[in-house]
Amino acid sequence: MKIIRVNKLLFFVRVILTLTFSIGTSQVNIEEAFPNLNFIQPVDLQYSPDGSDRLFVVEQEGWIYVFENDPLVTNKSLFLDISDRIIFQGERGLLGLAFHPDYENNGTFFVNYTAPSPLRTVVSRFQVLSDDPNLADDESEFVIIEINQPFSNHNGGQVVFGPDGYLYIGMGDGGSGGDPYDHGQNLNTLLGSMLRIDVDDPDDGLNYGIPDDNPFVGTDYKDEIFAYGLRNPWRFSFDLVTNNCWIADVGQNLYEEIDILEEGGNFGWNIMEGTHCFNPPSDCDTTGLILPIFEYNHNWGESITGGFVYRGSMVPGIFGKYIFADFEYGDIWSLEYEEGTPPIVETMGDLGAYSVTSFGVDQNDELYICSFDGKIYKFVESPISITVGHNTGWNLVGLPVITGASNYQEIFPESILGTLYFFDDGYLSGTDLTNGEGYWLRFPNEGFSIITGIPIYDLMINLNEGWNLISGISTILDISEILDPDGIIIPGTLYSFNSGGYFNPGTLEPGNGYWIRANISGTITILVN
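Cut-offs applied
Residues numbered from 1 in each chain as written. Predicted model: local features only at pLDDT ≥ 70, side-chain atom pairs only at ≥ 80, totals over all residues. Heavy atoms only, no water. Helix = DSSP H or I, 4+ residues; strand = E, 2+ residues; numbered from the N terminus. Buried < 20%, exposed > 50% of the residue type's maximum accessible area, 1.4 Å probe, protein only. Contact = heavy atoms within 4.5 Å. Phe/Tyr/Trp six-rings, centres within 6.5 Å; stacked < 30°, edge-to-face > 60°. Patch = residues over 30% accessible without salt bridge, like charges linked within 9 Å, V, L, I, M, F, W, Y side chains within 5 Å. Areas by Shrake-Rupley, 256 points an atom, 1.4 Å probe, with all protein chains shown as cover. Salt bridge = Lys/Arg side-chain N within 4 Å of Asp/Glu carboxyl O. Lys, Arg positive; Asp, Glu negative; His and termini not counted. Charge placed at Lys NZ, Arg CZ, Asp CG, Glu CD. Pairing = 2+ DSSP bridges. Axes fitted to C-alpha atoms, helices over the stretch in contact; angles between N-to-C directions. pLDDT = per-residue confidence, 0-100. Core = buried A, V, L, I, M, F, W, Y, C linked by side-chain atoms within 4.5 Å. Polar contact = N/O pair within 3.5 Å; in protein donor to acceptor, adjacent residues only side chain to side chain. 1 Å grid on protein atoms, 1.4 Å probe; cavity = no way out; pocket = protein on both sides within 12 Å on 5 of 7 lines; lining within 4 Å. Points joined across faces, edges and corners; volume = space filled by probe spheres on them. Nonpolar A, V, L, I, M, F, W, Y, C, P; charged D, E, K, R; others polar.

Participant: Explain the overall build of the protein here, please?
Facilitator: A tally of regular secondary structure across the protein gives two helices and 43 strands. Principal axes of the C-alpha set define a box for the protein whose edges measure 85 × 60 × 40 Å. Counting every position in the protein, which comprises 529 residues, the buried fraction comes to 55%. Put simply, 62% of the contacts in the protein that link residues at least 6 apart link residues at least 24 apart.

Participant: Mind showing me how you'd approach the packing of aromatic side chains here?
Facilitator: Remark: the centre distance and the inter-plane angle together describe each pair of aromatic rings, the angle taken between the planes. Scanning the entire structure with this criterion turns up 41 aromatic pairs. For the pair phenylalanine 34 and tyrosine 368, a centre-to-centre distance of 5.7 Å together with 20° between the ring planes defines the contact as stacked. Here tyrosine 368 lies in strand 27 (residues 367-371) and phenylalanine 34 lies in the loop between strand 3 (28-32) and strand 4 (42-47), a separation of 334 residues in the sequence. On the numbers, 5.8 Å between centres and 40° between planes, the contact of phenylalanine 39 with phenylalanine 67 is tilted. Within this pair, whereas phenylalanine 39 is found in the loop between strand 3 and strand 4, its partner phenylalanine 67 is found in strand 6 (residues 63-68), the two being separated by 28 residues in sequence. Overall, phenylalanine 39 belongs to the buried group, its relative accessible area being 7%.

Participant: How should I be thinking about the environment of proline 133 in this particular structure?
Facilitator: You can see proline 133 is positioned in strand 11 (residues 132-148). Owing to a relative accessible area of 48%, proline 133 belongs among the partly exposed residues under this scheme. Sequence separation between proline 133 and serine 77 is 56 residues; the distance between their C-alpha atoms is 11 Å. Those residues in contact with proline 133 that lie beyond four places of it in its chain are Arg54, Phe79, Tyr103 and Val128.

Participant: I keep staring at a negative patch on the surface and nothing clicks. Help me out?
Facilitator: A cluster of like negative charges, contributed by Asp102, Glu104, Asp200, Asp201, Asp203, Asp204 and Asp212, occupies part of the molecular surface. Residue classification places glutamate 104 among the exposed residues on the basis of a relative accessible area of 57%.

Participant: Honestly, the sheet that holds strand 11 in this entry has me stumped. Any pointers?
Facilitator: Spatial ordering of the open sheet is given by 8-9-10-11, a layout of four strands whose pairing is antiparallel. Strands at the two margins of the open sheet, each flanked by one partner only, are strand 8 (94-99) and strand 11. Direction aside, neighbouring strands of the sheet carry axes that sit 25° apart on average. Bridge count between strand 10 (residues 120-129) and strand 11: nine bridges; the pairing is antiparallel. Among the inter-strand pairings, valine 123 is bridged to a residue of strand 11, identified as isoleucine 145.

Participant: Explanation requested: the confidence of the model for the protein in the structure shown.
Facilitator: Any region with low pLDDT has predicted coordinates that should not be read closely. Of all residues in the protein, 95% attain a pLDDT of 70 or more, and the chain-wide mean is 93. The low-confidence segment residues 1-20 (pLDDT under 50) makes 65 contacts with residues lying over four places distant or belonging to another chain.

Participant: Got a minute to help me understand unusual backbone geometry in this structure?
Facilitator: Excluding glycine, most residues fall at negative phi; most peptide bonds, likewise, are trans. Put simply, tryptophan 269 and asparagine 270 share a cis peptide bond, and its omega is 10°. Examined against the element boundaries, asparagine 270 turns out to sit in the loop between strand 18 (255-260) and strand 19 (272-273). Cis geometry is found at the peptide bond from asparagine 279 to proline 280, where omega equals 5°. In this fold, proline 280 is placed in the loop between strand 20 (276-277) and strand 21 (294-297). Of note in the backbone geometry, histidine 154 takes a positive phi value of approximately 60° without being a glycine. With respect to the element layout, histidine 154 can be found in the loop between strand 11 and strand 12 (159-161). Even without being glycine, aspartate 365 reaches a positive phi, approximately 70°. Structurally, the position occupied by aspartate 365 is in the loop between strand 26 (356-361) and strand 27.

Participant: Is there a simple way to think about the sheet that holds strand 6 in this case?
Facilitator: Note: strands within a sheet are paired through backbone hydrogen bonds, in either parallel or antiparallel orientation. The antiparallel open sheet is built from four strands, whose spatial order is 4-5-6-7. With partners counted over all chains shown, the strands left at the sheet margins are strand 4 and strand 7 (77-81), one partner each. Strand-to-strand twist of the sheet, defined as the mean angle between neighbouring strand axes without regard to direction, takes the value 25°. With six bridges joining them, strand 5 (residues 54-59) and strand 6 adopt antiparallel strand pairing. Looking at the pairing, valine 57 lines up with tyrosine 65 of strand 6.

Participant: Which parts of the structure should I look at to understand the nonpolar core?
Facilitator: Soluble, globular proteins show a tendency: their nonpolar side chains are buried together. Residues Phe412, Leu433 and Leu463 are the most contacted members of the largest nonpolar core, which totals 34 residues. Of all elements in the fold, only strand 29 (384-390), helix 2 (408-411), strand 34 (439-443), strand 36 (458-463), strand 42 (513-518) and strand 43 (522-527) reach the threshold of two or more residues within this core. In this structure, leucine 433 is in contact with Leu399, Ser406, Tyr408, Ile411, Phe412, Leu420 and Tyr439, ignoring residues within four places of it in sequence. Counting 22 residues, the second largest nonpolar core, distinct from the first, contains Ala98, Leu167, Ile169 and Phe216.

Participant: Would you explain the pairing of strand 43 in this entry?
Facilitator: Put simply, side chains in a regular strand alternate between the two faces of the sheet. Burial analysis of strand 43 places five of its six residues in the buried class, which makes it a mostly covered element. Inspection of the sheet shows strand 36 paired to strand 43 by six bridges, in the antiparallel sense. Looking across to strand 43, one finds that aspartate 458 is bridged to leucine 527.

Participant: Could you clarify how one ought to interpret the side chain of serine 382 in this entry?
Facilitator: Turning to its location among the elements, serine 382 is positioned in the loop between strand 28 (376-381) and strand 29. Its relative accessible area of 11% is what places serine 382 among the buried residues. Side chain to side chain, serine 382 and asparagine 29 meet in a polar contact 3.2 Å long. Beyond its immediate stretch of four places on either side in the chain, serine 382 contacts Gln27, Val28, Asn29, Ile454 and Pro455.

Participant: Honestly, the side chain of asparagine 266 in this entry has me stumped. Any pointers?
Facilitator: With respect to the helices and strands, asparagine 266 occurs in the loop between strand 18 and strand 19. A residue is classified by how much of its surface remains accessible, and asparagine 266, at 9% relative accessible area, is buried. A distance of 2.8 Å separates polar atoms of two side chains, one belonging to asparagine 266 and the other to glutamine 185.

Participant: Sorry, what's going on with the environment of phenylalanine 56 here?
Facilitator: Residue position: phenylalanine 56 is located in strand 5. Expressed as a C-alpha distance, the spacing of phenylalanine 56 and leucine 45, which sit eleven residues apart in the sequence, is 5.6 Å.

Participant: In this structure, what is going on with the layout of surface pockets? I would like to understand it.
Facilitator: Remark: the empty space left among the atoms is shown by a probe the size of a water molecule rolled over them. For the largest pocket, the calculated volume is near 650 Å³. What lines the largest pocket is a set of 27 residues, and nearest its centre among them are Gln46, Tyr47, Val160, Phe161 and Leu240. Residue assignment for the lining of the largest pocket shows that the elements contributing at least two residues are strand 4, strand 8, strand 12, strand 16 (233-238) and strand 22 (304-309). Class assignment for the residues of the lining of the largest pocket results in 18 nonpolar, six polar and three charged.

Right, here's the structure in full:
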């Protein structure tokens with residue numbers, strides 16, 4: 001049997017607050033991803049979509065560095081230096097990086113930076129050198145769009161290629177405080193909006209094209225606008241599974257918010273801050289406004305940093321959850337969201353005040369954190385310990401966690417040497433244990449073993465036609481929750497074994513093995529719902 005996927009989290013005990021969400025504590029740790037590297041004010045992390053498994057870190061002062069995605073890496077190379085053409089201070093600087101989806105063939109990438117005289121946002125295209133994949137040509141700049149900025153803050157800064165191949169640009173409201181020029185509700189300015197442009201097929205007179213299905217094409221408003229009513233979208237990302245675009249919009253005085261992008265949507269600023277009236281401060285007209293899916297007040301934090309819905313495989317505890325943080329307080333959270341139900345928030349850690357500037361993913365969708373302390377961090381699953389009892393004599397066993405060791409005598413040290421057997425059209429002796437497989441193992445005495453490792457809450461297991469030995473996951477699971485969409489399991493053929501002989505169990509217990517019979521070869525799934 002082959003284990004195909006491991007990816008789900010055991011539900012934690014949560015403390016219910018007098019709010020429209022619940023909060024708990026995650027069993028995930030945060031550690032340095034690249035201990036030998038340091039950066040100066042990193043504000044973005046991206047990977048190049050060319051299969052090279054390299055990472056690129058953007059420093060706000062105008063530099064981009066590249067390095068191998070290896071925790072033991074000791075060297076980084078300067079990929080691009082445009083520090084001579086930006087203005088760097090406060091919220092200004094080099095703020096975003098996006099590689100063209102066809103970067104492997106065309107070698108182009110795009111940056112978002114703040115330029116002086118006049119103060120403006122610039123989105124430009126650059127080219128990597130043909131003879132050095134770790135060095136860009138800083139003279140290859142081609143300006144795509146420039147947007148004047150009336151104040152020094154609320155520049156947005158993120159550029160992202162969406163699943164549709166278009167470039168999305170997050171624009172703040174122009175700055176100061178309270179949106180003094182009402183840019184958020186003005187469709188005749190590009191400020192306070194999410195823009196969507198075509199960098200591959202420019203229109204006449206422009207260095208970019210306007211997608212025909214942009215919501216305000218053919219109106220008197222700005223064609224580039226895809227959605228509006230944003231204050232300062234500090235990081236947004238697309239979920240690879242749902243294609244939803246998650247936006248973290250920094251609040252004014254009281255509330256930070258998370259939104260899901262909608263075509264033509266008005267997210268309310270500066271009529272509203274979060275779900276609350278801002279201008280006017282009460283009895284505001286909310287007709288047609290899209291409310292955030294989540295908000296938090298300034299007792300929690302004062303400057304939200306948006307992240308990603310985690311779709312990697314190394315940290316099953318946060319799979320499918322949106323990860324975000326607060327820059328000023330340094331707290332990091334996960335959010336489970338399903339439309340129509342209250343969000344569930346879990347605390348993941350705290351990197352200290354004025355720390356988390358951004359998140360990024362690598363080519364395997366593993367998630368990283370950029371911090372103003374100069375470090376890049378990552379998430380790791382916290383280990384758990386499971387006690388597995390055994391009887392004198394033969395027992396059916398399994399491996400219920402992911403461990404560094406796989407030898408059966410390390411996992412079950414009280415077992416008798418040379419007595420591990422698995423089944424594959426007959427009994428075969430073995431030495432190593434695999435998650436999801438079941439085994440016969442003999443013990444001289446009744447007792448128990450404590451097995452420590454990373455929890456497993458989702459397994460896909462291949463069954464052969466006929467009898468198979470399997471094992472379960474890291475928590476007790478009712479057999480009715482085994483997913484068998486093709487109906488390959490013969491009813492009534494799941495058996496466990498103890499000192500009294502075989503019996504039909506009602507649950508799958510962690511660390512135990514089971515017989516199961518399939519009428520044809522196929523796949524079943526064992527998971528926590």
